[in-house]
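# Remarks on the overall topology
As a plain string of letters, each chain reads:
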Amino acid sequence: MTSLLPQSAPPTAGHPGKLIQPDWAEIVRITPETEGISTFWLRFIDPQVRERYHFQPGQFNMLYLPGYGESAISMSSDPEDEERLVAHTIRFVGTVTKNIGRLKVGDVIGVRGPFGTSWPMKQIEGRDLVLACGGIGLPPLRPAIYHIIRNREKYGKVTLLYGARTPKDLMYPDEHEEWQRHDIHMEISVDRGDENWDGRVGVVPMWFYNFRIDPRNTAVLTCGPEIMIRFVIYEGLARRIPAERIFVSLERNMKCGQGSCGHCQIGPYFICKDGPVFPFSVLQRYVNVEEY
Amino acid sequence: MLDITISRGTTVALSKAEFDLLLADLRENGYQTVGPRVQDESIVYADIQTLADLPRGVQTEQEAGHFRLMRGASNNYFDFIPAADSWKKFLFPPRVDLLTVRKGKGWEYVETETATPRYALVGVRGCELAAIEIQDKIFIRPDFYDPTYRLRREGLFIIAVNCLHPAGTCFCTSMGTGPKVQGSYDLCLTELDDVFLVEIGSELGRSLLSKRKYDLPSAFVQNIANQRLARAVQEMGRSLDTRDLPGLLTEPENLEAARWDEVAKRCLSCGNCTQVCPTCFCWDATDSVNLSATQASRTRVWDSCFNPAYSYVFGGNTRPTIRARYRQWLTHKFGAWKEQFGTLGCTGCGRCITWCPAKIDHVAEIAALREEVNS
Amino acid sequence: MANPEVLAELKKIPWFGTLSPEHLEKLAGITTLRPVKAGETLFKEGDRQDYVYIVLEGRVALEIFVPHRGKVRIYTCEQHDVFGWSSVTPLVRQRTAGATAVLNSRVACMDAEKLRQICDEDRDLGYLVMRRLANVVASRLMVTRLQLIDMFANPEEKNA
Ligand SMILES: Cc1cc2nc3c(=O)[nH]c(=O)nc-3n(C[C@H](O)[C@H](O)[C@H](O)COP(=O)(O)OP(=O)(O)OC[C@H]3O[C@@H](n4cnc5c(N)ncnc54)[C@H](O)[C@@H]3O)c2cc1C
Ligand code: SF4
Ligand code: SF4
Ligand code: FES
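Residues numbered from 1 in each chain as written. Chains lettered and ligands numbered in written order. Predicted model: local features only at pLDDT ≥ 70, side-chain atom pairs only at ≥ 80, totals over all residues. Heavy atoms only, no water.

Bringing the domain arrangement of chain B into the picture now. Accessible area lost on assembly of the parts is the figure often given for the size of an interface. Residues and elements named next belong to chain B. Each assigned domain of chain B is listed here: domain 1 (11-95 + 109-234) and domain 2 (247-282 + 303-374). Summarising the inter-unit geometry, the C-alpha centres of domain 1 and domain 2 are found 28 Å apart. Listed by partner, the interface residues are 30 residues for domain 1 and 27 residues for domain 2. For the pair domain 1 and domain 2, the summed buried area comes to about 2,300 Å², and 66% of that belongs to carbon and sulfur atoms. On the domain 1 side of the contact with domain 2, Ile134, Phe171 and Met175 bury the most area, a combined 24% of that side's loss. (Domains from an automatic or database assignment. Contact = heavy atoms within 4.5 Å. Buried area = accessible area lost by both parts, 1.4 Å probe.)

This is the structure:
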């Protein structure tokens, strides 16, 4: 099959001669983000792996916790991190992730990756960008934000639309100011506010609200719950942004990350290798087929 | 021995006694010879030593949800049509230990020695060989390979066999995979009452055969073989119109056809069809620990898109209904597969029809879908 | 004659820019401008419905008081958002939510009673106004539906 996006290089952590054998990494830092979500900073134990491991914004790793299993988790750190640490922001929901949540600094975890396609940072140079995300959809976009900041002059107007359930669910609040300083316009909103919240209440990620966009020169990157993604797409298309320039990141059950176990399929695509980032144009046929 | 030069493409006549010697030669060369045996009123693929281990004089009666062994008219070894078991288990075993780790300072791998078996498959049908070649595209790709599959596949010796008595659920002619074997094999048999006609498909096959006593087949014998093959085409149990595939099963509006609701009422979501299918490749990795939790293992097992856990994501299931799962299976096999791997995912072996406890006939389902969307 | 300051403010709102000068004049004639301080309440649940508002700048929150939970903030109105629209088509003849400025804001207040009159007299304008209000209601309904889905919730909590 011809690839839709620049295909990623083969994984550099994990053993090609074994089906799903990870490399080991030590947890060097744990940053609690919000209730039930923390960021784990990992350093590969093998210096060679540390050296050769590189990822692109939007890619993911398979994290292995012996005895529990593996989970697909996006990288949420700067791909060019000076300490060569790799961060994952993880929501503790089930067998693997809840037990990752019990780990401490110094504990060791298995890592295979990086897998999948990435946000098309090169292809969208020169464009105005709308980054629309909600909930646990922000972490996979954070590497893209770092990339934009580092190459700020290569992108036009950048708007980050970010929605969360309540004010206390907003992630990375310490960094928002820094992002804004680099001329990233942020619109944050929560579904449920309280009297102390003076920000927006509503559904910002789906509404490119009262800001003007130039559809001929805007690209949209979106990640979050699938319903949210659908509404971002509706809004983007209504604003006449072509489907080829709306990029979405999808989630499906994943076991291998390499187009072998079959779990992550949607139509002809294996989300683990043909995605997770797709231009919407290739998914358009399927978006309204229920339970597909 | 006759002084005939044999090469790839040559067909010789080999007596059945000589064939047994050929099996012995294979074992001598380190191959484990596996082939069909009668077991539990069915036929399985297992170790065989000589032709005597095979289902001699046995034919099969197969219909949707129906399988019976019958006494055949002849005493031949390959008159039956395979049952639920397929060669898949030798290349893509139902259970494989993937890794074991031990808790030390961090985690370390416990190396386990696993010798890769070398199999000689005896009696691979056209549809079955096509299935292996389909799985090759999944498990051995430029960007990825499955080590278990690849090592086993590379060491494989294939003795194929042309089908002369198709069963009621067979439709290999529609899929272009049989009854005459189409793929790459080492040797290919056509069984007549007293001899095998053996076509040479590889250098390895030629060199093995060169040690045996064989004859050039007479024109008469070849003629009989050809007639029987032609008759097999006529006797094909089912036929599937593939002209509008994969489109029929990938067009979004067809994915919402009423037929899916109808078949969903009958399907039990048992996954039998995927387990017996020689091309189905989905797997899961399961985890286990020892009692003191100091050692953990991962095992690969066959999975099925009919299994609710298959499409589970936190907070729900992306295919929560039987309708969605059946549709995924059929549209993958006869639709999306083509775009993924350049071929449809079905070889027309008929197993999924025979072994469906709800008697769902997928060939009929496709025809019914076609009728609905074209009317 | 409408107040020129009001007229100038309304012209900045994209939708008003599409109206004819006479229509704009009529609407400006029933509109007053009002600054509201952060924390100041514009109306409370249960109040009589007298105005339709448009945010000129700042942010105004709509809130419903729920026993044991206090004031629940359901929606915030941003620049150029219309709120208090139910006063034009009074289903319930009193406010069903309260409105409080979150930031220092300025709002345009349109006399609801007069607006209804103008729309009755000039059906062309009435159509345009009602169409605009229908859009406002539709988008508010959409937002409410999406909030109802509670898409960012941890599914575990939602099931609990
Ligand atoms: C490409 C990709 C990127 C992701 N990035 C992140 C991230 O950055 N941070 C984060 O917190 N989560 C992320 N997820 C979701 C994460 O993979 C799941 O929450 C996690 O696998 C749940 O596993 P569990 O064992 O804790 O839960 P369980 O409910 O016990 O899982 C049971 C099974 O379902 C699978 N599963 C359950 N939910 C999901 C899901 N949403 N996606 C895929 N498989 C699932 C698991 O792999 C496991 O096999 C990502 C998923 C994908 C596909
Ligand atoms: S889909 Fe059915 S007929 Fe086709 S190869 Fe699989 S089991 Fe055989
Ligand atoms: S089609 Fe038949 S074999 Fe397949 S899952 Fe349904 S009931 Fe089981
Ligand atoms: S995760 Fe295994 S095929 Fe995609």
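Still more to cover.
Near ligand 1 you find 23 residues, and of these Ala72, Arg91, Thr97 and Lys255 of chain A together with Phe314 of chain B are the closest. With respect to ligand 1, its neighbouring residues span chains A and B. Alanine 72 of chain A places a polar main-chain atom, nitrogen or oxygen, 2.6 Å from an oxygen atom of ligand 1. A distance of 2.5 Å separates an oxygen atom of ligand 1 from a polar side-chain atom of threonine 97 of chain A. Burial of ligand 1 by the surrounding chains reaches 90%, relative to a free accessible area of 820 Å². Secondary-structure elements contributing two or more residues to the shell around ligand 1 are strand 4 (69-74), strand 5 (86-91) and helix 2 (95-100) of chain A together with strand 17 (312-313) of chain B. Across the shell around ligand 1, the residue classes break down as 11 nonpolar, seven polar and five charged. (Near = heavy atom within 4 Å. Polar contact = N/O pair within 3.5 Å; in protein donor to acceptor, adjacent residues only side chain to side chain. Areas by Shrake-Rupley, 256 points an atom, 1.4 Å probe, with all protein chains shown as cover. Helix = DSSP H or I, 4+ residues; strand = E, 2+ residues; numbered from the N terminus. Nonpolar A, V, L, I, M, F, W, Y, C, P; charged D, E, K, R; others polar.)

Our next topic: the domain arrangement of chain A. Residue and element names in this part refer to chain A. Here chain A is partitioned into domain 1 (23-115) and domain 2 (128-249). Distance from the C-alpha centre of domain 1 to the C-alpha centre of domain 2: 24 Å. On the side of domain 2, 14 residues touch domain 1, which itself brings 17 residues to the contact. Here domain 1 and domain 2 share an interface that buries about 1,200 Å² over both sides, 59% of which is from carbon and sulfur atoms. On the domain 1 side of the interface with domain 2, the three residues burying the most area are Thr34, Ser76 and Asp78, jointly 32% of the side's total. At the surface where domain 1 touches domain 2, the tally comes to two salt bridges. In this structure, arginine 150 engages aspartate 78 in a salt bridge whose closest nitrogen and oxygen atoms are separated by 2.5 Å. (Salt bridge = Lys/Arg side-chain N within 4 Å of Asp/Glu carboxyl O.)

This next bit is on the interface of chain B and chain A. Counting residues at the interface gives 49 residues for chain B and 41 residues for chain A. Considering only the surface of chain B that becomes buried against chain A, Trp107, Tyr109 and Trp283 of chain B emerge as the three largest contributors, covering 16% of it. The interface formed by chain B and chain A includes three salt bridges. A salt bridge links glutamate 70 of chain A to arginine 298 of chain B; its shortest N-O distance comes to 3.2 Å. Where chain B meets chain A, there are 23 residue pairs in polar contact (both at pLDDT 80 or more).

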